[in-house]
Amino acid sequence: IGESWDLNYGEGGVQDGPNVPFTVPAACAEITFAWNSATHVLTIGAAGAPKGNLNRARAHWVTADTLAWDLPGLGADWTVTLHHDPAGALALGPDGVSGGTAIPLAWDPAGLPASVREKFPHLAALPAFRIPADRLAEAREALKGQLAVSAHDGGGALVDATSLQIPGVLDELYATGGPLGPTFAGGVPTLRVWAPTARSVSLELFGDSDPATAPAMHAMALDPATGIWAVTGDASWRWKVYRYAVEVVVRSTGRGVTDPGSDPRSVSLSRTRAR
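Below is a summary of the structure that appears in this document. Since we're looking at a predicted model, the values are computed, not measured. (Residues numbered from 1 in each chain as written. Predicted model: local features only at pLDDT ≥ 70, side-chain atom pairs only at ≥ 80, totals over all residues. Heavy atoms only, no water.)

## Concerning unusual backbone geometry
In this structure, W239 is a non-glycine residue whose phi angle is positive, near 75 degrees. Mapped onto the secondary structure, W239 falls in the loop between strand 20 (228-232) and strand 21 (241-250). Residue classification places W239 among the exposed positions, given a relative accessible area of 75%. (Helix = DSSP H or I, 4+ residues; strand = E, 2+ residues; numbered from the N terminus. Buried < 20%, exposed > 50% of the residue type's maximum accessible area, 1.4 Å probe, protein only.)

In structure tokens, the structure reads:
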């Protein structure tokens, strides 16, 4: 804390120029290095450092209407906002998060409900923020896209921004005791997989486990109440090799990707199926 440093730099990155002194004012303080290519002047300091990081997930969506986020210095006049975008186009700039849809959050001075503190004891002391009742209908669709929260102080300056961890809200909205994996009725299989944050899921059905075999693709249908995707086939599917192609938004990039994956409830695995 409060350490002073010297950085040596020169033309074209050669370290033969004068030292540039700077001070780190506190532990973990973010320091900005700004290079002016016209004047060849390097400025260093804590002032103007970017606030927040959408590649981290330091906030927690714990129930359908409640988020938990550690915001040191939180004041009653701060503005805290939930952002979501199905296209994954949220961007963090000096003034905050841009793109997508914004939902204002209300700070609850009473903190997290007792049920949440009991379920997530490591979050028990964090401030609680509530989603307005008239915006709760957006939750299920928001969970399929890119998510972020931002905080501005009473003067409108950005204090922090981050992404969200969502296991709590997923458990509340989509908890189900229904069957998963392959089931048979009259020799006809139905396959089900729980993937509430997926934008689409398809079944890749292979005639054998040879890596060169191309799959037959079968779109799966979503039950929005449970987050379960399902498809029913015919008796010829028995003993065939399959996997799922799942389209989801990746937090690190905010973009949608489609990845193949095995069924966690499958009854056996192929040793040679690969791509």
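Continuing now.
## Focus on the packing of aromatic side chains
This model, assessed by the stated rule, comprises 1 aromatic pair. Across from the ring centre of Y174, 4.8 Å away, lies the NZ or CZ of R140, which sits over that ring. Positioned above the aromatic ring of F184 is the side chain of R238, whose terminal nitrogen or guanidinium carbon lies 4.9 Å from the ring centre. (Phe/Tyr/Trp six-rings, centres within 6.5 Å; stacked < 30°, edge-to-face > 60°. Lys NZ or Arg CZ within 6 Å of the ring centre and 35° of its normal.)

## Some details on helix 3 (residues 167-174)
Of all the residues in helix 3, the buried ones are G168, V169, L170, L173 and Y174. Looking at the buried side of helix 3, the elements it contacts are strand 5 (59-63), helix 2 (139-142) and strand 16 (188-194). (Contact = heavy atoms within 4.5 Å.)

## Re the sheet that holds strand 19 (residues 221-223)
Taken together, the 4 strands give an open sheet; going across it, the order is 15-16-20-19, and neighbouring strands pair in antiparallel fashion. Either end of the sheet is taken by a strand with one partner, and the two such strands are strand 15 (181-185) and strand 19. Going from strand to strand, the sheet's axes swing by 30 degrees on average, the running direction of each strand aside. One ladder, built from 5 bridges, connects strand 16 with strand 20; its direction is antiparallel. Its bridge partner being in strand 20, W194 is matched across the sheet by I228. (Pairing = 2+ DSSP bridges. Axes fitted to C-alpha atoms, helices over the stretch in contact; angles between N-to-C directions.)

## Observations regarding the pattern of salt bridges
Summed over the entire model, instances satisfying the criterion amount to 7 salt bridges. Note that D65 and R130 form a salt bridge whose closest N and O atoms lie 3.7 Å from each other. You can see D65 sitting in the loop between strand 5 and strand 6 (66-69) and its partner R130 sitting in strand 11 (residues 128-130), a full 65 residues away along the chain. Where E204 meets R243, a salt bridge forms, and the shortest distance between an N and an O atom there is 2.6 Å. On the criterion of sequence distance, the pair formed by E204 in strand 17 (residues 200-206) and R243 in strand 21 is long-range, its members being 39 residues apart. The exposure class of E204 is buried, given its relative accessible area of 4%. For R243, a relative accessible area of 10% corresponds to the buried category. Connected via shared salt-bridge partners are D65, D108 and R130. (Salt bridge = Lys/Arg side-chain N within 4 Å of Asp/Glu carboxyl O.)

Note that all results are geometric; they support no functional claim without further evidence.
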